[in-house]
Amino acid sequence: MSTAQLAILGGAANFSDPLPVGQLYFPEWSAYETAMRGIFERQYYTNQGPLTQQLELVLQERLGVRHAICVTNATIGLLMAADALELSGRVITPSFSFVATSQSLTWAGLEPLFCDVDPLTHQLDPQKVALLLDDDRVSAILAVNLWGDVCDHRALSSLAKQRGVPLYYDSAHAFGCELEGRAVGSIGTVEVFSFHATKVLSAAEGGCVCTNDDELAARLRNIRSSYGAGRLVSVSRTANGRMSEAQAAIALLSLEAFPGIIERNQEIYAEYKEGLEGVPGLRLLEPRLASVTNYQYVVCEVDAEQFGLNRDQLQTVLRAENILARRYFYPGIHRCPPYIEMFPAVSEHLPVTEALCGKVLQLPIGQLVDPQAARNIASLIRLARECAAKIRAVLEGQA
Ligand SMILES: Cc1ncc(COP(=O)(O)O)c(C=O)c1O
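Residues numbered from 1 in each chain as written. Predicted model: local features only at pLDDT ≥ 70, side-chain atom pairs only at ≥ 80, totals over all residues. Heavy atoms only, no water.

Asker: Describe the overall build of the chain, and please don't skip the residues or the numbers.
Answerer: From N to C terminus, the chain includes 14 helices and 12 strands. Expected size for 399 residues packed as a compact globule is a radius of gyration near 21 Å; at 22 Å, the chain falls within 12% of this value. Projected onto its principal axes, the C-alpha positions of the chain cover 65 × 55 × 35 Å. With 399 residues in all, the chain has 56% of them scored as buried. A separation of at least 24 residues holds for 72% of the contacts in the chain among residues at least 6 apart in sequence. Carbon and sulfur atoms make up 51% of the accessible area of the chain, which totals about 16,700 Å². Mean positive and mean negative side-chain charge positions of the chain (33 and 44 charges, respectively) differ by 1 Å. (Helix = DSSP H or I, 4+ residues; strand = E, 2+ residues; numbered from the N terminus. Rg over C-alpha atoms; globule rule 2.2 N^0.38 Å. Buried < 20%, exposed > 50% of the residue type's maximum accessible area, 1.4 Å probe, protein only. Contact = heavy atoms within 4.5 Å. Areas by Shrake-Rupley, 256 points an atom, 1.4 Å probe, with all protein chains shown as cover. Lys, Arg positive; Asp, Glu negative; His and termini not counted. Charge placed at Lys NZ, Arg CZ, Asp CG, Glu CD.)

This is the structure we're talking about:
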C-alpha cells in the first residue's frame with residue numbers, strides 16, 4: 001500500500017460500504033419467514049409465548065443456570081435486577097461502561113458509587129472496590145463483564161461476602177464466555193445479558209436475566225409482568241419487561257448460528273492480532289480472565305506519543321476509509337448527565353477510567369466483516385502510523 005491509498009491523504013476510501021463495529025447477525029430469509037409464519041399461524045405475539053418459553057429453557061440448559069428470564073432489553077433487565085435484589089442507597093459500579101449500567105440504578109432510585117477499573121483488563125478493580133466498601137450506604141456491587149472477558153470474580157465475590165452484599169453482573173458483552181469452565185450467566189447472584197442487534201447473540205432487541213436463586217427468580221418474573229409470572233410473590237412495583245415472540249424467534253435462530261458466528265469472529269480477531277503485532281503505540285486487548293471468549297469486540301488502546309496520532313485522529317483516518325471505528329466508552333458515565341452534575345469531582349478518583357476514555361478505540365468485527373477486511377484494516381492502521389506526520393498536517397490544516 002502507498003500513502004496515496006489513505007483516503008485522508010486524498011486516496012479513495014478502501015471500503016465502499018461502511019463497516020460498523022457491532023455484530024449485526026441476520027438469519028437466512030427463509031428461516032426467518034418460517035419462524036414468522038409460525039407466529040402468524042399461532043396468532044400469538046407476546047405475553048410469554050411458546051417461543052419465549054422455549055428460548056428460556058434452551059438458555060437455562062446452555063448456561064447451566066436455574067432461571068433464565070427473557071426480557072425486552074438488558075437495560076430493563078438491569079433495572080428489574082436492582083428492584084428484585086431490594087437494594088437501597090449506593091451500588092459500587094464502574095464508570096467505564098455503557099451508560100445503561102448506571103442508568104438502571106438511577107431508575108431504581110439508587111446511587112452509583114463509581115469505582116475505577118484495572119488498566120490492563122478494563123474490568124472493575126477489586127482493590128479499588130475494597131476501598132469503597134467502607135461506605136455504609138453500599139448495598140451491592142454491580143460489576144460489568146466487559147469486552148468478552150470477565151471480572152476477577154474470586155476477588156470480587158470474596159469482598160462481597162465479607163461485606164454481606166450481593167455481587168451481580170452486567171454481562172451484556174459476555175454471552176458465550178466462560179470462567180474456569182463455568183458459563184457466564186451462572187456465576188453472579190444475578191447476571192444480565194443483552195441480545196441487542198450489535199451483540200453476539202441477537203434478538204434484534206432483547207435480553208435475559210439469569211439467577212440460581214429461586215426467590216429472586218420469582219420476584220423477577222413478577223416484576224417483569226403478570227404474564228409468565230409463575231408463583232405469585234409480593235414485589236414493590238412491576239414493569240413491562242416482556243420479550244415478544246418475534247424477538248424470541250430471532251434469538252433462537254441466532255443461537256443455532258452461534259458456533260459459526262464465534263468461529264468467524266475468532267478468525268477475524270486472529271487477523272487483527274497478526275496484522276497489528278508490534279505496531280508501536282497500539283495495544284490490542286486480549287481476554288485475560290475468561291477461559292472462553294466470544295470475541296464480542298476488538299478493542300485497542302492508542303498511545304498518541306508512540307503511535308504519532310491520538311485516538312481521535314486515528315478514528316478520523318479510519319472513518320475516511322468507511323471503517324466506523326468507535327470511541328466506546330466515551331465519555332465515561334461519570335461525565336454524562338445526570339452524573340456530571342451529581343458528582344462534579346469524581347473524576348479525580350477515576351484516573352484509569354479517565355485515561356481509557358481518551359485512548360480506547362473499537363475496530364469492526366461481526367457479520368459485515370471478514371478476515372480479509374480485518375487484514376486490510378490492520379494494514380491501513382500500520383500505514384497511518386508510518387504517515388502520521390503527514391496526516392497530522394492535514395488534520396491540523398482542517399481544524
Ligand atoms: C455494558 C452494557 N450494558 C448494558 C447495555 C444495554 O443493553 P440493551 O441495549 O440491551 O438495553 C449495553 C448495550 O450496549 C452495554 O454495552
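Asker: Before we move on, can you summarise the environment of Gly 281 with the specific residues and values?
Answerer: Take Gly 281: it is sitting in the loop between α8 (245–276) and β10 (282–284). On the basis of relative accessibility, which here comes to 10%, the residue Gly 281 falls in the buried class. It is 23 Å that separates the C-alpha atoms of Gly 281 and Gln 296, two residues lying 15 residues apart in sequence.

Asker: Break down the layout of surface pockets for me, citing the residues and quoting the values.
Answerer: Approximately 380 Å³ is the volume attributed to the largest pocket. Residue lining of the largest pocket: 26 residues in total, with Phe 98, Ser 194, His 196, Lys 199 and Tyr 328 positioned closest to the centre. Those elements that provide at least two residues to the lining of the largest pocket are α3 (74–84) and α4 (100–107). A per-element tally of the lining of the largest pocket places α3 first, with 3 residues. When its residues are assigned to classes, the lining of the largest pocket shows 11 nonpolar, 11 polar and 4 charged. Mapped onto the domain boundaries, the lining of the largest pocket takes at least three residues apiece from domain 1 (3–22 + 257–398) and domain 2 (29–253). (1 Å grid on protein atoms, 1.4 Å probe; cavity = no way out; pocket = protein on both sides within 12 Å on 5 of 7 lines; lining within 4 Å. Points joined across faces, edges and corners; volume = space filled by probe spheres on them. Nonpolar A, V, L, I, M, F, W, Y, C, P; charged D, E, K, R; others polar. Domains from an automatic or database assignment.)

Asker: I'd like a rundown of the nonpolar core, residues and numbers included.
Answerer: In terms of nonpolar packing, the biggest core is built from 91 residues, with Leu 59, Phe 175 and Leu 363 touching the most fellow members. A per-element tally of this core places α8 first, with 13 residues. Composition of this core by domain shows at least three residues from each of domain 1 (3–22 + 257–398) and domain 2 (29–253). Not counting the four nearest positions on each side in its chain, Leu 59 is found in contact with Gly 64, Ala 68, Cys 70, Phe 175, Phe 195, Leu 201, Cys 208 and Leu 255. With 25 residues, the next largest nonpolar core counts Met 80, Leu 87, Leu 142 and Ala 217 among its residues. (Core = buried A, V, L, I, M, F, W, Y, C linked by side-chain atoms within 4.5 Å.)

Asker: Lay out the sheet that holds strand β12 (residues 360–363) in plain terms, naming residues and giving numbers.
Answerer: Strands sit in the order β10-β11-β12 across an open sheet of 3 strands; the sheet is antiparallel. At either margin of the open sheet sits one strand with a lone partner, and together these are β10 and β12. Recorded for the sheet is a direction-independent mean angle of 30 degrees between the axes of neighbouring strands. For strand β11 (residues 298–302) and β12, the ladder comprises 4 bridges, and the chain directions are antiparallel. (Pairing = 2+ DSSP bridges. Axes fitted to C-alpha atoms, helices over the stretch in contact; angles between N-to-C directions.)

That's the geometry; what it means functionally is another story.
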